[in-house]
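Here is how the chains run, residue by residue.
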Amino acid sequence: MADIGKDITRAQQLLLDGHLVAIPTETVYGLAANALNEKAVLEIFKAKNRPHFDPLIVHVSGLAQAETLVESIPDIVKTLTQKFWPGPLTVLLPKKEIVPDLVTSGLNTVGLRCPDHTLTLELLKNLPFPLAAPSANPFGYVSPTTPQHVNEQLGDKVSYILDGGECRVGIESTILGFENTPTVYRLGGLTLEALEPITGPLHVQLNSSSNPHAPGQLQSHYAPRKKILVGTREQLLAHSYLKAGTIVFQNQLPGFSDVKQVILSPSGNLEEAAQHLFAALRQLDKTDVEIILAELVPETGLGRAINDRLRRAAH
Ligand code: TXA
Ligand code: MG
């Protein structure tokens, strides 16, 4: 098992020595290494059992560091990052040569984001390099939102987990590219409603196994081991299962025992629901239920990203 603590100096030293450290962000925990050190980055792929065709996001301390990694920064990206960084927005931009091809899986763009977490921001400001960090889970499984989640699955692959508590957003960053028209490749913690006043109407191009722009957006992803059925309340209630657990938005589903029901937000708040979603999937995955019934939430704001994750978990 890994050590869990708040020692930034220790995290810094491990990263300087080319090792992996799990880091907190506002979205989910990341498995970090020196983004400019190919050998260190290779350890990330190994620890996660991640295919090399799936590129990594590079975490920066701000726009100034971003400028050292990409050819140029369009005005629209300057405006967006001024407003939303630090925060759950990843931008795809043409990379400079110093970014190893391993990080981008051979693509000519690199995904950059500045995470909104005091510990990790301080770490980034102290380090002479940016951090490549995918979510700190085995490839294909649900992302971790607490240090304990990381320890349960990758505790033997990483020596230190920087403890930043429970993630505030709970769902991964929104990925935005600019090749032709601004395009969302992954729905995430920053909503279309927040972006569109600046970008204009956004093109949304999600998944799939063949999408060259977000190779990691596989249809089946973020998946627990248990079978999952996703639907509206009516659709879920039309099934009868003896050993089902449920994840619901606001109100319990009638006819299921209390113990196996997780309510994401009793007050019907999508931010709260997003924050608790992955922990709920993990919690039920550990029980003896045979199937997880998950209720779709309103398809607006963060609800889009929540429903996206539920559908991928079920695929
Ligand atoms: O919130 C987040 O983004 C978290 C935290 C740790 O920052 N990170 C995260 O990383 O979710 P990961 O590796 O689990 O997901 C990154 C996604 C993958 O689907 C990958 O395919 C896509 O970003 N991606 C990364 N670089 C890309 C690029 N240059 N072009 C297209 N897609 C890219
Ligand atoms: Mg991931």
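Being a predicted model, the structure only gives us computed values, none of them experimental.

About the thresholds
- Residues numbered from 1 in each chain as written.
- Chains lettered and ligands numbered in written order.
- Predicted model: local features only at pLDDT ≥ 70, side-chain atom pairs only at ≥ 80, totals over all residues.
- Heavy atoms only, no water.
- Helix = DSSP H or I, 4+ residues; strand = E, 2+ residues; numbered from the N terminus.
- Buried < 20%, exposed > 50% of the residue type's maximum accessible area, 1.4 Å probe, protein only.
- Contact = heavy atoms within 4.5 Å.
- Areas by Shrake-Rupley, 256 points an atom, 1.4 Å probe, with all protein chains shown as cover.
- Lys, Arg positive; Asp, Glu negative; His and termini not counted.
- Charge placed at Lys NZ, Arg CZ, Asp CG, Glu CD.
- 1 Å grid on protein atoms, 1.4 Å probe; cavity = no way out; pocket = protein on both sides within 12 Å on 5 of 7 lines; lining within 4 Å.
- Points joined across faces, edges and corners; volume = space filled by probe spheres on them.
- Nonpolar A, V, L, I, M, F, W, Y, C, P; charged D, E, K, R; others polar.
- Domains from an automatic or database assignment.
- Buried area = accessible area lost by both parts, 1.4 Å probe.
- pLDDT = per-residue confidence, 0-100.
- Polar contact = N/O pair within 3.5 Å; in protein donor to acceptor, adjacent residues only side chain to side chain.
- Salt bridge = Lys/Arg side-chain N within 4 Å of Asp/Glu carboxyl O.
- Pairing = 2+ DSSP bridges.

**Q** Before we move on, can you summarise the overall build of the protein chain with the specific residues and values?
**A** The secondary structure content of the protein chain amounts to 11 helices and 15 strands. In terms of its C-alpha atoms, the protein chain occupies a principal-axis envelope of roughly 55 × 45 × 35 Å. Looking at the 315 residues of the protein chain, the share that counts as buried comes to 59%. Long-range contacts, defined as pairs at least 24 residues apart, comprise 66% of the intrachain contacts of the protein chain with a sequence gap of at least 6. Carbon and sulfur atoms make up 50% of the accessible area of the protein chain, which amounts to about 12900 Å² in all. Each charge sign in the protein chain was given a centre, from 27 positive and 32 negative side chains, and these centres are 3 Å apart.

**Q** An account of empty space enclosed by the protein is needed here, citing residue identities and associated values.
**A** Counting across every chain of the model gives 2 cavities of 30 Å³ or more. In terms of residue class, the lining of the second largest cavity is made up of 5 nonpolar, 4 polar and 1 charged.

**Q** Can you lay out the domain arrangement of the protein chain for me, pointing to particular residues and giving the numbers?
**A** Per the domain assignment, the segments of the protein chain are domain 1 (3-172) and domain 2 (227-314). Computed from C-alpha atoms alone, the centre-to-centre distance between domain 1 and domain 2 is 29 Å. Domain 1 puts 17 residues into the contact, and the matching count from domain 2 is 13 residues. The contact between domain 1 and domain 2 buries some 1200 Å² in all, and 51% of this surface belongs to carbon and sulfur atoms. Broken down residue by residue, the surface that domain 1 buries against domain 2 is led by Y141, V142 and I171, which jointly contribute 39%.

**Q** Run through the confidence of the model for the protein chain, naming residues and quoting values.
**A** When pLDDT is low, close inspection of the predicted coordinates is not appropriate. When pLDDT is averaged across the protein chain, the result is 94; 96% of the residues are at 70 or more. Ranking the elements of the protein chain by mean pLDDT puts helix α9 (residues 233-237) last, at 93, and strand β4 (residues 57-59) first, at 99.

**Q** So what's going on with the environment of T27? Which residues, and what values?
**A** Within the secondary structure, T27 is located in the loop between β2 (21-23) and β3 (30-34). Residue class for T27 comes out buried when judged on its relative accessible area of 3%. Each C-alpha atom, one on T27 and one on Q82, is 19 Å from the other, the two residues being 55 residues apart in sequence. Excluding its chain neighbours within four sequence positions, the residues that come into contact with T27 are P88, R113, T145, C167, V169, G170, I171, E172 and S173. One polar contact links T27 to T25, side chain to side chain, over a distance of 2.9 Å.

**Q** Help me get a handle on the pattern of salt bridges, residues and values and all.
**A** Enumeration according to the criterion identifies 15 salt bridges in this entry. Residue K95 is joined to D101 by a salt bridge in which the shortest nitrogen-to-oxygen separation is 3.3 Å. Note that D288 and K243 form a salt bridge whose closest N and O atoms lie 3.8 Å from each other. One end of the pair, D288, is in the loop between α10 (270-285) and β15 (291-295); the other, K243, is in the loop between α9 and β13 (244-248), with 45 residues separating them in the sequence. Given the relative accessible area of 46%, D288 is considered partly exposed. Put simply, E172, D308, R309 and R312 are held in one network by salt bridges that share partners.

**Q** Kindly report on the sheet that holds strand β7 (residues 131-132), identifying the contributing residues and their values.
**A** Taken together, 11 strands build an open sheet; the order of strands is β1-β8-β2-β3-β7-β4-β6-β5-β9-β10-β11 and the sheet is mixed. Looking at strand neighbours, the two that pair on one side only are β1 (3-5) and β11 (203-204), the edges of this open sheet. Relative to β3, β2 is paired through 3 bridges, and the arrangement is antiparallel. Bridging from a neighbouring strand, V21 pairs with A32 of β3.

**Q** How would you sum up unusual backbone geometry? Please name residues and give values.
**A** Cis geometry is found at the peptide bond from W85 to P86, where omega equals -10 degrees. Structurally, P86 is set in the loop between α4 (75-84) and β5 (89-94). One non-glycine residue, N49, adopts positive backbone phi at about 60 degrees. Its location among the elements puts N49 in the loop between α2 (38-48) and β4. We classify N49 as exposed; its relative accessible area is 65%.

**Q** Go over the side chain of T109, please, and point to the residues and values.
**A** Considering the arrangement of structural elements, one finds T109 in strand β6 (residues 109-113). With sequence-adjacent residues up to four places away left out, T109 is seen in contact with L92, L93, P94, K95, T104 and E179.

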